[in-house]
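Architecture at a glance
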Amino acid sequence: MIKKLYPNGKEKAFNLTYDDGIYDDYKFVELLNKYNLKGTFNLNSKLMKENFSWTHETGKIIKRITPQEAVCLYKGHEVASHTLTHPYMNNLTKKEILKELIDDKKNLEEIFKKEILGFAVPFDFYSKEISECVKETGFEYGRISEESNSWIPSEDYYFWKASIIHFNLNLENFVNEFIKTNDELALCQIVGHSYDLEVENKWNLIENIFKKISESKNILPMTNIEIIKYLKAIRSVKISENKIINNSDLELWFEVDGKKISVQPKKEFFIKWDNV
């Protein structure tokens, strides 16, 4: 039996994808770092530059961090685009959509001095036209707002669904079941905003989840782009009865007849079955 694995022979992957880049992220990132987890932070560069703020219905002021603060805060994590100004996208023309994507990508790359390859849609409207614009802009994935309620990773990278939204009442049970599953390439990806953890008093819940994940020796913390790149590579592998062919640029991992092995980029692995 051949089972596909994540890097370093891990059976499962875990990611947090959080939107807007706000001051509550300081506490959130502190927890991620405490438990050696990886986050993907989806940012609106124009609102960051303006230090934009708004008032939550509870009266809490939600304020964007500045670009300078973001560079320090998100070190070691992924930064992705969330559009330039966080608009409702249902009434935008293709030209307006492209401007939101292109300008935000350019700004973020100037701020963080690295290529930005991920996109997460603001609000909950997404369409084929937006996905085509995401691809045209040079992003490798487009995360939508719909949750999959599954730990099977999406097949469509430009209609990418996170596993579960953090205010889903089934969150804790979902994570517990994820930890127990033996499904191939299982992924738990939680999506949300850090201010929700504050206004809904869920910091203890999320930290308990982080602790459980960190204590599992078979779960690999990854960023969203790391997951996408690895899945693209391992899904392209060619497997026959006695050979694994890795045509990708990444080292790929497998469990073959109960033994964990890796196949180097552009290499073949010949299988020697114990019962043959």
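Here's what I pulled together on the structure shown here. Residue positions within a chain follow its written sequence, with the count starting from 1. Reporting in this predicted model follows two pLDDT cut-offs: at least 70 for local features of residues, and 80 or more for side-chain atom pairs to be given and counted; totals over whole chains, interfaces and linings ignore these cut-offs and use all residues. Side-chain figures throughout are based on the complete set of non-hydrogen atoms in the structure, without hydrogens or water.

What follows covers the overall build of the chain. Runs of E in the DSSP output that reach at least two residues are strands. Runs of H or I that reach at least four are helices, and both are numbered from the N terminus. For the chain, the count of helices and strands is nine helices and 16 strands. Computed over the C-alpha atoms, the radius of gyration of the chain is 20 Å, within 12% of the 19 Å expected from 2.2 N^0.38 for a compact globule of 276 residues. Seen through its C-alpha atoms, the chain measures out along the principal axes to roughly 70 × 40 × 30 Å. Three exposure classes are used, based on accessible area relative to the maximum for each residue type with a 1.4 Å probe and protein chains only: buried under 20%, partly exposed in between, and exposed over 50%. Here the chain, with 276 residues, has 52% of them falling under the buried criterion. Any two residues whose heavy atoms approach within 4.5 Å at even a single point are treated as in contact. The contacts of the chain with a sequence gap of at least 6 include a subset with a gap of at least 24, amounting to 66%. When charges are counted, Lys and Arg are positive and Asp and Glu negative, with His and the chain ends excluded. Charge positions are represented by NZ for Lys, CZ for Arg, CG for Asp and CD for Glu. Averaging the positions of the 39 positive and the 43 negative side-chain charges in the chain gives two centres separated by 4 Å. Radius of gyration here uses only the C-alpha atoms, and the compact-globule reference equals 2.2 Å multiplied by the residue count raised to the power 0.38.

The next subject is the packing of aromatic side chains. Two rings from Phe, Tyr or Trp (for Trp, the six-membered ring) form a pair when their centres sit within 6.5 Å of each other. Planes less than 30 degrees apart are called stacked, planes more than 60 degrees apart edge-to-face, and all others tilted. For the coordinates displayed, the defined rule picks out 12 aromatic pairs. Look at Tyr18 and Phe28: their rings are 4.1 Å apart centre to centre, the planes differ by 25 degrees, and that puts the pair in the stacked class. Taken together, the positions of Tyr18 in strand E2 (residues 12–19) and Phe28 in helix H1 (residues 25–34) put the pair 10 residues apart, joining distant regions of the chain. Across this residue pair, the class does not change: Tyr18 and Phe28 are buried. Site record: aromatic cluster; members linked through ring pairs are Tyr18, Phe28, Phe41, Tyr74 and Phe210. Look at NZ for Lys and CZ for Arg. If either is within 6 Å of the ring centre and within 35 degrees of the ring normal, a charge sits over the ring. Here Lys105 stacks its cationic end above the ring of Phe139, 5.8 Å away from the centre of that ring.

So, on to the sheet that holds strand E12 (residues 238–239). Where strands meet in a sheet, backbone hydrogen bonds hold them as pairs that are either parallel or antiparallel. Strand pairing is assigned whenever DSSP detects at least two bridges linking the two strands. Spatially, E12-E13-E16 is the arrangement adopted by the three strands of the open sheet, whose pairing is antiparallel. At either end of the open sheet lies a strand with only one pairing partner, and these are E12 and strand E16 (267–270). With four bridges connecting them, strand E13 (residues 243–246) and E16 associate as antiparallel partners. Residue pairing across strands places Ile245 opposite Glu268, the latter belonging to E16.

Expected span, for any helix, means 1.5 Å times one less than how many residues it has. Helix length check: helix H4 (residues 94–112) (19 residues) gives 27 Å between terminal C-alpha atoms against 27 Å at 1.5 Å per residue, within 8%. For H4, the complete set of buried residues consists of Ile97, Leu98, Glu100, Leu101, Asp104, Lys105, Asn107, Leu108, Ile111 and Phe112. Elements that come into contact with the buried residues of H4 comprise strand E3 (39–43), helix H2 (45–49), helix H3 (67–73), strand E6 (78–81), strand E7 (118–120) and helix H5 (128–137).

Where a protein is soluble and globular, its nonpolar side chains tend to be buried together. Core analysis: the largest hydrophobic core is formed by 78 residues, its most contacted members being Tyr6, Phe14, Phe28, Tyr74, Ile190, Phe210 and Phe254. Take this core: its biggest share by element is seven residues, from helix H9 (residues 224–235). Apart from residues lying up to four places away in sequence, Tyr74 is in contact with Gly21, Ile22, Asp25, Val29, Phe41, Leu43, Ile65, Val79 and Phe112. Nonpolar cores were defined as sets of buried Ala, Val, Leu, Ile, Met, Phe, Trp, Tyr and Cys residues, with membership established by side-chain atoms within 4.5 Å.

With respect to topology, three strands assemble into an open sheet ordered E1-E14-E15, the strand pairing being antiparallel. Each edge of the open sheet is held by one strand with a lone partner, namely strand E1 (2–5) and strand E15 (259–263). Strand after strand, the sheet turns through a mean of 30 degrees between neighbouring axes, direction not considered. Pairing of E1 with strand E14 (residues 252–256), which is carried by four bridges, proceeds in the antiparallel orientation. When the bridges of E14 are listed, Lys3 appears paired with Glu255. The sheet contacts of H9 involve E1 and E14, and relative to E14 the element is tilted by about 55 degrees. All axes here are fitted lines through C-alpha atoms, helices being fitted over the stretch that makes contact, and every angle between N-to-C directions spans 0 to 180 degrees.

Salt bridge criterion: a side-chain nitrogen from Lys or Arg within 4 Å of a carboxyl oxygen from Asp or Glu. Applying the stated criterion across every chain, the model contains 19 salt bridges. The partner of Arg235 in a salt bridge is Glu155, and the shortest N-O contact between them spans 3.8 Å. Linking Arg235 in helix H9 with Glu155 in the loop between strand E8 (141–143) and strand E9 (164–165), this pair joins segments that are 80 residues apart in sequence. Judged by its relative accessible area of 27%, Arg235 is partly exposed. The exposure class of Glu155 is exposed, given its relative accessible area of 61%. Between Asp249 and Lys266 there is a salt bridge whose closest N-O contact spans 3.5 Å.

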